[in-house]
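# Observations on chain architecture
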Amino acid sequence: MEDEEIPYYKEVKEEGDGITNKLRRISTSALLFILSFIASNMLLQVLVAWFSLGLKYSIKFSYNQVRVFPWDYHYWSRTNIVIIFLFSPAICFALGVLIFNLLRIYTNWQNVSRIFFFWLSVNLINLVLTHALLSPLGTPIDRNNGLYQTFAVVGVFLWINPTLMTFVSVGSLAASLLLGAGIRKEVMRYSFSKTLIGGKKGMDVVAIQVFVLPILAGSLPVILLCSPVGFFTTVMALANLGIVSIGIFMMNSIGTSTVRCIKSDVLNHFPFIELAICSTAWFIVFTFFK
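In what follows, the accompanying structure is described. What you see is a predicted model, and the numbers here were worked out from it, not measured in a lab.

### Some thoughts on the side chain of Arg-114
Position of Arg-114 relative to the elements: it lies in helix H4 (residues 112–134). The class for Arg-114 is buried, based on a relative accessible area of 0%. One polar contact links the side chain of Arg-114 to the main-chain carbonyl oxygen of Tyr-106, over a distance of 2.7 Å. Apart from residues lying up to four places away in sequence, Arg-114 is in contact with Leu-103, Arg-104, Tyr-106, Thr-107, Trp-109, Glu-186, Arg-189 and Tyr-190.

### Here we look at helix H7 (residues 200–224)
Turn by turn, an α-helix covers 3.6 residues, leaving residues three or four places apart pointing in a common direction. The end-to-end C-alpha separation of H7 is 35 Å, in line with the 36 Å expected for 25 residues at 1.5 Å each. Ile-208 marks where H7 bends most, by close to 45°.

### As for the pattern of salt bridges
In this structure the tally under the stated criterion is three salt bridges. Across the salt bridge formed by Arg-114 and Glu-186, the nearest N and O atoms sit 2.8 Å from each other. In this pair, Arg-114 is assigned in helix H4 and Glu-186 in helix H6 (residues 162–188), connecting sequence segments 72 residues apart. One salt bridge in this structure joins Asp-204 and Lys-200, with 2.5 Å as the shortest N-O distance. One end of the pair is Asp-204 and the other is Lys-200, both in helix H7 and four residues apart, which spans about a single turn. Its relative accessible area of 13% is what places Asp-204 among the buried residues.

### A look at the side chain of Gln-45
Among the secondary structure elements, Gln-45 is positioned in helix H1 (residues 19–54). Setting aside residues up to four positions removed in sequence, Gln-45 forms contacts with Phe-61, Ser-62, Tyr-63, Asn-64, Gln-65, Val-66 and Gln-149.

### Some details on the packing of H1 against helix H9 (residues 272–289)
Following both chains from N to C, one finds H1 and H9 inclined at 35°, their axes separated by 9 Å at the closest point. In this structure, H1 crosses over H9, and the sense of that crossing is left-handed. Across the interface between the two elements, Thr-28, Leu-31, Leu-32, Ile-34, Leu-35, Ile-38 and Met-42 of H1 pack against Glu-274, Leu-275, Ile-277, Cys-278, Ala-281, Trp-282, Val-285 and Phe-289 of H9. Across the contact of H1 with H9, the residue classes tally to 13 nonpolar, one polar and one charged.

### Brief notes about unusual backbone geometry
Omega for the bond connecting Phe-69 with Pro-70 falls within 30 degrees of zero, at 0°, which places this linkage in the cis form. Its identity as a non-glycine residue notwithstanding, Lys-56 has a phi of 70°, on the positive side. Among the structural elements, Lys-56 can be located in the loop between H1 and strand E2 (58–60). Accessibility expressed as a relative area gives 76% for Lys-56, which makes it exposed. In this structure, Thr-150 is a non-glycine residue whose phi angle is positive, near 40°.

The rules behind the values
- Residues numbered from 1 in each chain as written.
- Predicted model: local features only at pLDDT ≥ 70, side-chain atom pairs only at ≥ 80, totals over all residues.
- Heavy atoms only, no water.
- Helix = DSSP H or I, 4+ residues; strand = E, 2+ residues; numbered from the N terminus.
- Buried < 20%, exposed > 50% of the residue type's maximum accessible area, 1.4 Å probe, protein only.
- Polar contact = N/O pair within 3.5 Å; in protein donor to acceptor, adjacent residues only side chain to side chain.
- Contact = heavy atoms within 4.5 Å.
- Expected span 1.5 Å × (residues − 1).
- Bend = angle between axes of the 7 residues up to and from the residue.
- Salt bridge = Lys/Arg side-chain N within 4 Å of Asp/Glu carboxyl O.
- Axes fitted to C-alpha atoms, helices over the stretch in contact; angles between N-to-C directions.
- Left-handed = near helix turned anticlockwise from the far one by under 90°.
- Nonpolar A, V, L, I, M, F, W, Y, C, P; charged D, E, K, R; others polar.

Bear in mind that shape data such as this cannot, by itself, settle questions of function.
Shown next as structure tokens:
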């Protein structure tokens, strides 16, 4: 949609947006969030497994973590560590940024699939930021706590002091706030057509309905997929999305321009197809990969 075709509104105007519409909007976004969360986790593990097998290591694959054998450090080199445990999250991060940039460019793309790819980009970036946040806690002494992954493995093999790794954690928190600020306009694209938003109150309502509440609604299903190994990492990934939402609300507070409203409310429908796809993906992971 070209800029000149998108109307600007300078005040909040409510026209009877009922509870049914709100529930449909929240449930549709929540199902797409769950599906994209599963996809982002699986993609990271697939990349780790693919690089590991390519370098002739054996693996034990699961939804939350890929264990690479043998563990004896004599079989490992710094090059292999970087290829497996640094390139994998770097690819996920780059893919998330690429997807979001395509959404930013192709504004004419206005349907439900756009929102899935929005959630996918956010979850890919957030997953990497979560691993960076937890990296100082990962240690090879306890590989069963789910924290010895990606950046933690790289930090140990490159002899990076855990104290220095805390700077990575701080940088991750700052990047999460910036992510929220960066996606704020895209979140507003999913504003519902019966409410014309132009102030902080209207923006906050949109952010809560299409971002915050879907995360809360989708948290239980994604947590239920966790094995004990991946529980804490998953919970922290969900908590880090809360930091991202703070960035959205911060931009709502300091933003001076009015918000563009799309012409159709693509989230406001009964999500039967989304439910079928999401349920199928959830049960496949639960049955074969948990």
